[in-house]
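Given next are the chains, with one letter for each unit.
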Amino acid sequence: MPSLEVAVKPGRRALAWSALSWSALSWCVMAGLMLACGAAFAAASTPPGTTGIGVPGVQVQVGGGTEVAQAIKILLALTVLSLAPAILMSMTSFIRIVVVLSMLRTALGMQETPPNTVIVSLSLFLTFFTMAPSLNQMNEQALQPFLANKISIEQASEAGVKPLREFMVRQTREKDLALMVELSKSAQPQSMDDIKLVQLVPAFMLSELRSAFQIGFVIFLPFLLIDLIVSSSLMALGMMMVPPTAISLPIKILMFVLIDGWNLVVRALLGTFS
């Protein structure tokens, strides 16, 4: 019986190898047929005057200036979309708005309410409102002329950056700008047009952080006063074992709702950009 098992196992292995070889051969034949059909389709669909190489799902053509221009525009659009988060974080009013709203949540004493997604979403909409004039200028002066083939890519980039540059210059302190020029070890600019974006963007971010902290300090004061009053009242009543936050948090929320705090904060915050 052992000899019979030894004799059977090589037969099974041979059958398995033959099955694998036939499977591999069939896959190779199918791949060859697909490549041949793809080449025939590419040759039939290639416009006159162009040279094309095609495989299923992929086609490369040489010639046709309109198609190349459209492809370049799509590539530029994808590049701008990939850089959109960095532009949003560093060159718009998003920094000041999201920092102030986060400090407001901390002043209320609620670490997770409203959640981060709500704060970021509200900050995005408020950013669009404050940046609407600059975005309209970018659309009229750069995007639409470029899509209409009236200006080149270099001219469109220069015209598109100009509104953002003007906005950042208005919101940037001279002290922060001088600091960035000094740290970059560059020559002193004679005018605002001589300042590079590498120097202007970090100076703008520092100025936005400073403005956000100033607004946050003003927001903290009334809530801090409520905490002090509640703490002193509990001490006077001898209720030292009662946590002050358990009493002050409902009072702060009630006061904030009664004075329509969200409306006041958003209105005052957007007014700082005018």
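Residues numbered from 1 in each chain as written. Predicted model: local features only at pLDDT ≥ 70, side-chain atom pairs only at ≥ 80, totals over all residues. Heavy atoms only, no water.

> Go over the pattern of salt bridges with me, naming the residues and quoting the values.
Across all of its chains, the model carries 3 salt bridges by this definition. Between Lys252 and Asp227 there is a salt bridge; the shortest N-O distance is 3.4 Å. On the criterion of sequence distance, the pair formed by Lys252 in helix H9 (residues 244–258) and Asp227 in helix H8 (residues 197–236) is long-range, its members being 25 residues apart. Given a relative accessible area of 4%, Lys252 falls into the buried group. (Salt bridge = Lys/Arg side-chain N within 4 Å of Asp/Glu carboxyl O. Helix = DSSP H or I, 4+ residues; strand = E, 2+ residues; numbered from the N terminus. Buried < 20%, exposed > 50% of the residue type's maximum accessible area, 1.4 Å probe, protein only.)

> So what's going on with the nonpolar core? Which residues, and what values?
What tends to happen in soluble globular proteins is that the nonpolar side chains get buried as a cluster. Core analysis: the biggest nonpolar cluster contains 34 residues, and Met168 and Phe223 have the highest contact counts within it. At the level of elements, helix H3 (94–108), helix H4 (116–130), helix H6 (153–171), helix H7 (174–183), H8 and helix H10 (261–271) are the ones that each hand at least two residues to this core. If you tally residues by element for this core, the top one is H3, at 11 residues. (Core = buried A, V, L, I, M, F, W, Y, C linked by side-chain atoms within 4.5 Å.)

> Describe the layout of surface pockets, listing the residues and the values that go with them.
Considered as a void within the structure, the second largest pocket measures approximately 240 Å³ in volume. In terms of lining, the second largest pocket is formed by 16 residues, of which the most central are Ile219, Gly261, Leu264, Val265 and Ala268. Looking at the lining of the second largest pocket residue by residue, the classes come out as 14 nonpolar, 2 polar and no charged. (1 Å grid on protein atoms, 1.4 Å probe; cavity = no way out; pocket = protein on both sides within 12 Å on 5 of 7 lines; lining within 4 Å. Points joined across faces, edges and corners; volume = space filled by probe spheres on them. Nonpolar A, V, L, I, M, F, W, Y, C, P; charged D, E, K, R; others polar.)

> Kindly report on the packing of aromatic side chains, identifying the contributing residues and their values.
As enumerated under the stated definition, the model contains 4 aromatic pairs in all. A centroid spacing of 6.3 Å and a plane angle of 20° characterise the contact between Phe167 and Phe273, whose relative ring orientation is stacked. With a gap of 106 residues between them, Phe167 in helix H6 and Phe273 in the segment after H10 connect regions that are remote in the sequence. Per residue, the accessibility class of Phe167 equals that of Phe273, and both read buried. Above the face of the Phe273 ring, Arg96 is positioned so that its terminal group lies 4.1 Å from the ring centre. (Phe/Tyr/Trp six-rings, centres within 6.5 Å; stacked < 30°, edge-to-face > 60°. Lys NZ or Arg CZ within 6 Å of the ring centre and 35° of its normal.)

> Can you break down H7 residue by residue, with the values?
Turning to H7, its buried residues number three or more, namely Asp176, Leu177, Met180 and Val181. When H7 is viewed along its axis, its buried side chains cluster within an angular range of 140° and face the same direction. Away from the buried face of H7 by more than 90 degrees, exposed residues Glu174, Lys175, Glu182 and Leu183 are located. Considering only its buried residues, H7 is in contact with H8. Positive backbone phi, approximately 55°, marks Lys185, located one or two places after H7. (Arc of directions from axis to C-beta. Contact = heavy atoms within 4.5 Å.)

> Go over the environment of Arg173 with me, naming the residues and quoting the values.
As for its position among the elements, Arg173 is in the loop between H6 and H7. Arg173 sits in the partly exposed class, given a relative accessible area of 30%. For the pair formed by Arg173 and Leu206, sequence separation is 33 residues and the distance between their alpha carbons is 8.8 Å. Excluding anything up to four places from it in sequence, Arg173 contacts Ser207 and Arg210.

> Describe unusual backbone geometry, with residues and values.
Cis peptide bonds are those with omega within 30 degrees of zero, and the linkage from Thr113 to Pro114 qualifies with -5°. Within the fold, Pro114 resides in the loop between H3 and H4. Positive phi is not limited to glycine here, since Asp260 has a value of about 55°. Along the chain, Asp260 turns up in the loop between H9 and H10. A relative accessible area of 41% places Asp260 in the partly exposed class.

> Run through the confidence of the model for the protein, naming residues and quoting values.
Taken over all residues, the pLDDT of the protein has a mean of 74, while the share at 70 or more is 72%. Note on residues 1–22: pLDDT is under 50 here. Beyond four places in sequence and across chains, it has 0 contacts. Across residues 33–64 the pLDDT falls below 50, and counting only partners more than four positions away or on other chains, this stretch makes 29 contacts in the model. (pLDDT = per-residue confidence, 0-100.)

> Please set out the side chain of Glu208 residue by residue, giving values where relevant.
For Glu208, the location among the structural elements is in helix H8. In this structure Glu208 comes out as buried when scored by relative accessible area, which is 0%. Among the polar contacts made by the side chain of Glu208, one reaches the side chain of Arg96 at a distance of 2.6 Å. Those residues within four positions of Glu208 in sequence are excluded, and the remaining contacts are Thr92, Ser93, Ile95, Arg96, Gln171 and Phe273. (Polar contact = N/O pair within 3.5 Å; in protein donor to acceptor, adjacent residues only side chain to side chain.)

> Which residues make up the packing of H3 against H8, and what values do they have?
Two numbers describe how H3 lies on H8: the axes approach to 8 Å, and their chain directions differ by 25°. By the angle between their axes, H3 is roughly parallel relative to H8. Crossing of H3 over H8 shows right-handed handedness. In contact with Ile95, Arg96, Val99, Val100, Met103, Leu104, Thr106, Ala107 and Leu108 of H3, H8 contributes Met205, Glu208, Leu209, Ser211, Ala212, Phe213, Ile215, Gly216, Phe217, Ile219, Phe220 and Phe223. Across the contact of H3 with H8, the residue classes tally to 16 nonpolar, 3 polar and 2 charged. (Axes fitted to C-alpha atoms, helices over the stretch in contact; angles between N-to-C directions. Parallel < 35°, antiparallel > 145°, perpendicular 65-115°, else oblique. Left-handed = near helix turned anticlockwise from the far one by under 90°.)

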